[in-house]
Amino acid sequence: MSVSAVAADRSLCAPLPVLGRDVLVPLVTGGEVDYAALDYAASAPALQRVWDDVAAYAPYYGSVHRGAGYLSQLSTDLFENSRETIAEFLGCRAEDQVVFTRSTTDSLNLLAAVLPQGTRVFVFETEHHASLLPWEQRPDVAVTYLNAPRTPQQAVDTLEKALATREPYGPALVCVTGASNVTGELWPVQELAAAAHAHGARIVLDAAQLVPHHPVDLGELDVDWVAFSGHKLYAPFGAGVLAGRADWLRDAEPYLAGGGASRKVSRRTDGGVDVEWHTTAARHEAGSPNVIGVYAIASACQALTEAGFDGLVAREQELIARLRAGLADVPEVTVLSLFGEDAARVGVLSFVVEGWNSSHFAAALSAEYGIGVRDGLFCAHPLVRTLLGSEPQDPGECGAPDAAPGEKSLNAIRVSLGVGTPDEHVDRFVRAVTELVTNGARWNYRTEGGRCVPAARSAV
């Protein structure tokens, strides 16, 4: 069964059809409106194409790799063909491996687990927690945290200086995001990869926010590994990918010990067991794999390729320009940025509003306009603190902090879009921001369970 399991006659218009595009949500002020999903950076809605492909396969679901029956063989072929589709989508080299995981976080924890003893890891403080935190779980791995750069060139210079002065000289890994999950800004991945390799280090690309918005080619970028999640790439079901060089993966103990990772297990005369582990990607894929999740990722990769990534990127850039122009007309709004207004970015943008608690503002967008955004620190606490000019000890949390509307609070609002975003959702968002800033909220709100929610009482 091919990745194009459903009839090939589809209309791949822009925006691409996604699940939930016709969902109506209630407004506290009365009536209903179609939901404007502008939180793609957290989890993008699944493409209709992906859902249709999965539904077409579902009746043929069977065990993978270890079944002699027809459905098992069909599912195994689907699973391995999906690996090839994803490898092609990522521009993997002939010697690269594609390992299936649960998520970007799982992928980077897998890579942390297979690092050679004594590896030194270099990571900017601006990373998402998924790429900031896994490395210190290894007591035999040293981590150097690099300060937030203010230009792409400063990022390269900072990395080169850190790598040039590292001691002792041994295995080293650089971890960098492709596009910030807070600001949406593109990082100079090729230049950072060149700097890493010039100093004998390897580099892993956290592409969670890059791969849904921009082509990613391992060979062209010259990175050693790339990690991403299916749920960012318009594919549900909790699967992720770590793709790249095979040697460290092949030489390390399996990430999980169990069936599928083992090639041969035998009893020893002393009562123990001897294990021969696979040297392929299966070495780190113990247990029954998430075949539906993997197939969904492959379907999304093929759908984006067939739609034409150049056209998708161009349309997204039009939308982000429209969004930024609208916010620029509201003086009370400050857009957060590391690299400045002219920095290239994907469809992710964070901001604060003068006189507003960000959680209160996000709640009003949802309750009064049917717009879903994200508020908080976006699992990138050091970066958001830097962007907001706070001290490390300043209080702040994800969700609604204790600060009342109008008081200083350490959180921000993030709006993010993608291939399924209609023009109207962007226009509604800009109009809602303008009206809230100009006229205030039309409803009372309170904090409940760490979230800012509409109060049960009547409108203001």
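Before reading further, recall that the structure is shown in the block above.
To keep things clear, this report deals only with the structure shown in the data block. Owing to the predicted nature of the structure, the values given are computational and were not obtained by experimental measurement. (Residues numbered from 1 in each chain as written. Predicted model: local features only at pLDDT ≥ 70, side-chain atom pairs only at ≥ 80, totals over all residues. Heavy atoms only, no water.)

### What about helix α6 (residues 189-198)?
Argument step 1. Burial in α6 covers these residues: Val189, Leu192, Ala193, Ala195 and Ala196. Taken end-on, α6 shows its buried residues confined to a sector of 160°, consistent with a single buried face.
Argument step 2. Close packing links the buried residues of α6 with β5 (120-124), α5 (152-164), β7 (172-177), β8 (202-206) and α7 (218-221).
Argument step 3. One or two positions beyond α6, positive phi appears at Gly200, with a value near 75°. (Buried < 20%, exposed > 50% of the residue type's maximum accessible area, 1.4 Å probe, protein only. Helix = DSSP H or I, 4+ residues; strand = E, 2+ residues; numbered from the N terminus. Arc of directions from axis to C-beta. Contact = heavy atoms within 4.5 Å.)

### A closer look at the pairing of strand β17 (residues 412-416)
Argument step 1. The buried fraction of β17 is high, at 5 of 5 residues.
Argument step 2. Here β17 shows no split at all, with Ala412, Arg414 and Ser416 on one side and Ile413 and Val415 on the other all buried.
Argument step 3. Alignment of strand β14 (residues 348-353) against β17, held across 4 bridges, turns out to be antiparallel. The partner of Val348 across the bridge, within β17, is Ser416.
Argument step 4. Sheet topology places strand β16 (residues 374-376) next to β17; 3 bridges connect them, and they run antiparallel. Bridge pairing in β17 links Gly376 to Ala412. (Pairing = 2+ DSSP bridges.)

### Things to note about helix α12 (residues 381-388)
Argument step 1. For α12, the complete set of buried residues consists of Leu383, Val384, Arg385 and Leu387.
Argument step 2. Once α12 ends, the next one or two residues include Gly389, with phi positive near 70°.

### Describing the pattern of salt bridges
Argument step 1. Enumeration according to the criterion identifies 23 salt bridges in this entry.
Argument step 2. For Glu80, the salt bridge identified is with Arg83, shortest N-O distance 2.8 Å. Here Arg83 and Glu80 lie together in helix α2 (residues 70-89), a separation of 3 residues that amounts to about one turn.
Argument step 3. Three or more residues are tied together by salt bridges with common partners; here these are Arg202, Asp224, Arg245 and Asp247. (Salt bridge = Lys/Arg side-chain N within 4 Å of Asp/Glu carboxyl O.)

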